[in-house]
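For reference, the chains in residue letters:
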Amino acid sequence: MGKPTEQHWMAVKRILRYLKGTINFGLHMQPRPNFSVSHFSVHAYCDADWASDPDDRRSSSGAAIFLGPNLVSWWSKKQTVVVRSSTEAEYRSLALATAEVTWI
C-alpha cells in the first residue's frame, strides 16, 4: 500500500471489472413451505474418506450446512493429521461440521 506499482493498479482494475460483471450474483434465500419462526431449522451433512491420499494417507472430509432448504455453508478439505481408522476420520469431520453449525 505504500508504493503501489502499475501491476498493482492493473490487478485492482481487474477485480473491479469482475465485481461490476457479477453485481447480480448472490445467494437466493427461499422460505420453506409453511415456514414460521418456531420451525427454524439448521441441518448439517458431513462425510469423510479414510486415507484417501495414497501418498500421505491423510483423509478427506467435507460438509454442507443448510438453513431450511438453503445451502449457507459448505467445505471440503484434506484432514491435517493421519488417522488410524475410518471412525476417527468421520469423528474429525463431524467435529468440524459441529463447530460450523455452532457458529451459524
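If you're wondering where the values come from, they're calculated on a predicted model, not measured in any experiment.

S.K.: Break down the overall build of the protein for me, citing the residues and quoting the values.
M.R.: When its secondary structure is counted, the protein shows 2 helices and 3 strands. Walking the protein from its N terminus toward its C terminus, one meets helices and strands in the order α-β-β-β-α. At 20 Å, the protein has a C-alpha radius of gyration far larger than the 13 Å of a compact globule built from 104 residues. Reported as C-alpha extents along the three principal axes, the dimensions of the protein are approximately 50 × 50 × 25 Å. Going through the 104 residues of the protein one by one, you find that 18% of them count as buried. Accessible surface computed for the protein: about 8,600 Å², of which carbon and sulfur atoms make up 61%. Of the side-chain charges in the protein, 12 are positive and 9 negative, and the distance between the mean point of each set is 12 Å.

S.K.: Could you give an account of the pairing of strand E3 (residues 70–78), naming the residues involved and the relevant values?
M.R.: Relative to E3, strand E2 (residues 60–67) runs antiparallel, the two being bridged by 8 bridges. Its bridge partner lying in E3, Ala 63 is registered against Trp 75. Hairpin connection of E2 to E3: 2 residues between the antiparallel strands, including Gly 68 at a positive phi of 65 degrees.

The rules behind the values
Residues numbered from 1 in each chain as written. Predicted model: local features only at pLDDT ≥ 70, side-chain atom pairs only at ≥ 80, totals over all residues. Heavy atoms only, no water. Helix = DSSP H or I, 4+ residues; strand = E, 2+ residues; numbered from the N terminus. Rg over C-alpha atoms; globule rule 2.2 N^0.38 Å. Buried < 20%, exposed > 50% of the residue type's maximum accessible area, 1.4 Å probe, protein only. Areas by Shrake-Rupley, 256 points an atom, 1.4 Å probe, with all protein chains shown as cover. Lys, Arg positive; Asp, Glu negative; His and termini not counted. Charge placed at Lys NZ, Arg CZ, Asp CG, Glu CD. Pairing = 2+ DSSP bridges.

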